[in-house]
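Chain by chain, the residues run as shown.
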Amino acid sequence: MCRMLGARSEGGDEAGELAGCLVEAARRDHRYGNAQHRDGWGAAVVMRGRVYVLRSGRAIYEEGPDAISLPRGTGFLAILHARMASEASKVGPQYSHPYEALAEEGKALYIVAHNGFVDVASIARRLGVSPEAFVDSELVAMFLGRAGLDEDALLTLHEATRTALDLLIIRIDRIADEATLYGYSYWKRDDDLYYALYWVRWGSTLALASSTVADLCARRGWNVDGPVGEGRLVEVGRIPLR
């Protein structure tokens with residue numbers, strides 16, 4: 001159970017507001033009994049000439065403002081993720097999202113954040129690994145690195161999904177020197193909009209955000225549309241690396 005957002009922005013002041021919506025949602029999730037997403041957080045930011053991934057074991061709302069600032073004055077793609085762990089024994093920066101997986105042929109790098117729960121044993125069997133050391137989201141990233149980001153791979157993950165398969169994915173094409181941010185949303189119960197991803201827009205920034213985050217952005221005056229159609233892979237934006 002997590003809250004997350006993925007954005008394409010030209011680096012306007014509104015990007016910081018978007019991060020603030022996630023911090024507030026993690027501190028008090030009004031769609032989930034005011035629960036706290038306190039089991040770590042992480043970010044990935046891609047801009048021209050730079051890629052960085054940060055993972056922390058602290059709650060995102062305990063961090064200072066500089067720890068979660070997004071670039072200003074330049075175009076970027078970003079993923080932010082606040083975690084509520086399903087296994088208390090697997091908490092810490094080593095388990096925080098996003099995860100990275102290199103495609104087997106080496107042509108693409110996947111940076112993946114996930115919300116929901118998939119069957120660990122099922123995905124581990126497909127990958128030929130022991131499930132004990134992994135969390136489900138890490139195995140999802142590994143599987144996408146191996147299978148690629150296509151309909152067959154996503155349908156395979158559907159079969160292993162227990163609650164939802166919400167994904168934010170930055171695919172870095174190492175041959176074309178380009179990065180693309182995708183979003184994907186699938187949930188088991190048709191009426192369970194807690195897991196839905198929504199379009200959020202303000203200024204130069206376009207984002208996909210978890211339901212709670214979108215609610216809080218709407219209160220701040222952002223334009224919110226959605227939810228994104230279930231089972232649809234959508235492109236949020238792309239950016240050259242050089």
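Heads up: the structure comes first, above all this text.
Structural notes, computed from the coordinates. Keep in mind that this is a model prediction, so the values were computed, not measured.

Here we take up the pairing of strand β1 (residues 2–9). Taking burial as the measure, the eight residues of β1 include eight buried ones, the bulk of the element. The pairing of β1 with strand β4 (residues 76–83) spans eight bridges and is antiparallel. Along β4, the bridge assignment pairs C2 with R83. Alignment of β1 against strand β10 (residues 205–210), held across four bridges, turns out to be antiparallel. Bridge pairing in β10 places L5 opposite A209.

Attention now moves to helix α1 (residues 14–27). Helical geometry note: an α-helix holds 3.6 residues per turn, so side chains three or four residues apart project in the same direction. In this model α1 runs 20 Å from its N-terminal to its C-terminal C-alpha over 14 residues, within 8% of the 20 Å that 1.5 Å per residue would give. As for α1, its buried residues are in contact with β1, β4, β9 (197–202), β10 and α5 (211–219).

The linkage connecting H97 with the following residue, P98, adopts the cis geometry, with an omega of 0°. Mapped onto the fold, P98 is located in the loop between β4 and β5 (99–102). Here the amide bond leading from G226 into P227 is cis, since omega sits at 5°, within 30 degrees of zero. Along the chain, P227 falls in the loop between β11 (223–225) and β12 (233–240). Positive phi is not limited to glycine here, since N34 has a value of about 60°. Within the element layout of this structure, N34 appears in the loop between α1 and β2 (41–47).

Conventions and cut-offs
Residues numbered from 1 in each chain as written. Predicted model: local features only at pLDDT ≥ 70, side-chain atom pairs only at ≥ 80, totals over all residues. Heavy atoms only, no water. Buried < 20%, exposed > 50% of the residue type's maximum accessible area, 1.4 Å probe, protein only. Helix = DSSP H or I, 4+ residues; strand = E, 2+ residues; numbered from the N terminus. Pairing = 2+ DSSP bridges. Expected span 1.5 Å × (residues − 1). Contact = heavy atoms within 4.5 Å.

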